[in-house]
Amino acid sequence: MGGGSRWTPGGAELDAQQAVASVANALEKLVARNDGLGVAVTVGEEERKGRGLTAFVGPRRPGISIKKYLERIHSYVLCSPASLVAGFVYVDRAAHRSPEFLVGSLNVHRLILTGVMVASKFFDVMPQSNAFYAKVGGVSNAELNKLELELLFLLDFRINMSSHEFESYLSHLEKEMTASLNSKITTNIQGVGDDFIAQRKVHNIHWK
């Protein structure tokens, strides 16, 4: 069974939908930027048996968006919102320890799946098993067990975090989410304005 969180910063309640949306937003921005650099790496089956972040690279880009994937994870395993945020923290820590290897569309799903699973074991009262996470995430149990170990080594097995660090990441995610929403609103307003101007031009021609 999934379970509630053992700890949330300052005792504050985190909204699950907001956590999913903000983490997905941050990861989507990161992947778009890194994929845009044109250095996405594809590896063969033998190379995927390597160590570090190389182990997380899949043979192809998954057909499910990051947000839908996180929604699926949360809805089935019932992990706490804190685990979703902490999973992002672990991915960010791992990426900083291997700056030569970018988080992109070929590895982000496996990374966040593993990160949330590890976080759930630390934060949640009754976390799901690795086998259940593997089934929900679309990977084999053996592969997820290996990815868990790789992530823990990348983190030096340091999965604890202070309330200050958690709140700093949460604040960053919220600011990124707000910026994205504001950008979409501005784009929509501009689009409406352009449509109005276009319609007026058509009407002006018609009036003449």
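Starting from 1, residues in each chain are numbered consecutively following that chain's sequence as written. Only residues with pLDDT of 70 or above have their local features reported here, since the model is predicted, and side-chain atom pairs are shown and tallied only from 80 upward, although totals for entire chains, interfaces and linings are computed over all residues. With hydrogens and water stripped out, all remaining heavy atoms of the structure feed into the side-chain values.

(A) Structural view of the pattern of salt bridges. Whenever a carboxyl oxygen of Asp or Glu lies within 4 Å of a side-chain nitrogen of Lys or Arg, that contact is scored as a salt bridge. Evaluated as defined, the whole model comprises 7 salt bridges. Between E143 and R110 there is a salt bridge, and its shortest N-O distance comes to 2.7 Å. Taken together, the positions of E143 in helix α6 (residues 141-154) and R110 in helix α4 (residues 108-123) put the pair 33 residues apart, joining distant regions of the chain. For the pair formed by E143 and R110, the shared burial category is buried. Segments assigned H or I by DSSP are reported as helices when at least four residues long, segments assigned E as strands when at least two residues long, and all are numbered from the N terminus. Burial classes follow relative accessibility: with a 1.4 Å probe on protein chains only, a residue under 20% of its type's maximum area counts as buried, one over 50% as exposed, and anything between as partly exposed.

(B) Highlighting the packing of helix α3 (residues 81-97) against α4. Only the contacting stretch of a helix is used when fitting its axis, a line to C-alpha atoms as for every element, and angles between N-to-C directions run 0 to 180 degrees. At a closest axis distance of 7 Å, the pairing of α3 and α4 adopts a crossing angle of 125 degrees. For the element pair α3 / α4, the angle class is oblique. The interaxial crossing formed by α3 with α4 has right-handed handedness. Along the contact surface, α3 presents A82, S83, L84, A86, G87, F88, Y90 and V91, while α4 presents L111, I112, G115, V116, V118, A119, S120, F122 and F123. Note on residue categories: nonpolar means Ala, Val, Leu, Ile, Met, Phe, Trp, Tyr, Cys or Pro, charged means Asp, Glu, Lys or Arg, and polar means any other residue, Gly included. Looking at the contact of α3 with α4, its residues break down into 13 nonpolar, 4 polar and no charged. By the definition adopted for this analysis, an angle is roughly parallel if under 35 degrees, roughly antiparallel if over 145, roughly perpendicular if from 65 to 115, and oblique otherwise. Crossing handedness: left-handed means the near helix sits turned counterclockwise from the far one by under a right angle, and right-handed means the same turn made clockwise. By the convention used here, residues are in contact when the closest approach between their heavy atoms is within 4.5 Å.

(C) Spotlight on the packing of aromatic side chains. Think of it this way: a Phe, Tyr or Trp ring, Trp meaning its six-membered ring, pairs with another when their centres are within 6.5 Å, and the plane angle makes it stacked under 30 degrees, edge-to-face over 60, tilted otherwise. Under the definition given, this model contains 4 aromatic pairs. Judged by centre distance (5.2 Å) and plane angle (80 degrees), the ring pair of F122 and F123 falls under edge-to-face. Assessed through its relative accessible area of 1%, F123 is described here as buried. Taking the centre distance of 5.1 Å and the plane angle of 80 degrees together, the rings of F153 and F157 count as edge-to-face. Taking the relative accessible area as the measure of exposure, F157 reaches 46% and is therefore partly exposed. Three or more aromatic residues joined by ring pairs make a cluster, and in this case those are F122, F123 and F166.

(D) Representation of the nonpolar core in the model. Residues belong to one nonpolar core when they are buried, are Ala, Val, Leu, Ile, Met, Phe, Trp, Tyr or Cys, and are joined through side-chain atoms within 4.5 Å. In this structure, L70, I73, Y90, I112, F123, Y133 and F166 are the most contacted members of the largest nonpolar core, which totals 56 residues. Of all the secondary structure elements, the ones that give two or more residues to this core are α1 (16-36), α2 (66-77), α3, α4, α5 (130-137), α6 and α7 (163-207). Here I112 is in contact with V23, L27, Y69, L70, G87, F88 and V91, once residues within four sequence places are set aside.

(E) Spatial organisation of the environment of S98. With respect to the element layout, S98 can be found in the loop between α3 and α4. Those residues in contact with S98 that lie beyond four places of it in its chain are L53 and L154.

(F) A look at α4. In a regular helix each residue adds 1.5 Å, so 16 residues correspond to 22 Å; α4 covers 22 Å between its end C-alpha atoms and thus fits that length. Of all 16 residues in α4, 14 are buried; the element is thus mostly enclosed. Helices are assigned an expected span. That span is 1.5 Å times one less than the residue count.

(G) Representation of a nonpolar patch on the surface within the structure. Distance thresholds for patches are 9 Å for like charges and 5 Å for nonpolar side chains (Val, Leu, Ile, Met, Phe, Trp, Tyr), applied to residues having over 30% relative accessible area and no salt bridge. A 1.4 Å probe and the Shrake-Rupley method give the accessible areas. Residues count as covered only by the protein chains that appear here. Side chains of L149, F153 and F157 sit close together on the surface and give an oily, nonpolar patch of about 300 Å² of accessible area. Tracing the backbone through its elements, the reader meets F153 in helix α6. A relative accessible area of 43% places F153 in the partly exposed class.

(H) Looking closely at the packing of α5 against α6. One way to put it is that α5 packs onto α6 with a least axis distance of 9 Å and a crossing angle of 110 degrees. On the basis of their axis angle, the class for α5 and α6 is roughly perpendicular. Contacts from N130, A131, Y133 and A134 of α5 reach α6 at N141, L144, N145 and E148. Tallied by class, the residues present in the contact of α5 with α6 amount to 4 nonpolar, 3 polar and 1 charged.

(I) Focus on unusual backbone geometry. In this structure, D156 takes a positive phi of about 55 degrees despite not being glycine. Structurally, the position occupied by D156 is in the loop between α6 and α7. A positive phi angle is found at F157, which is not glycine, with a value near 60 degrees.

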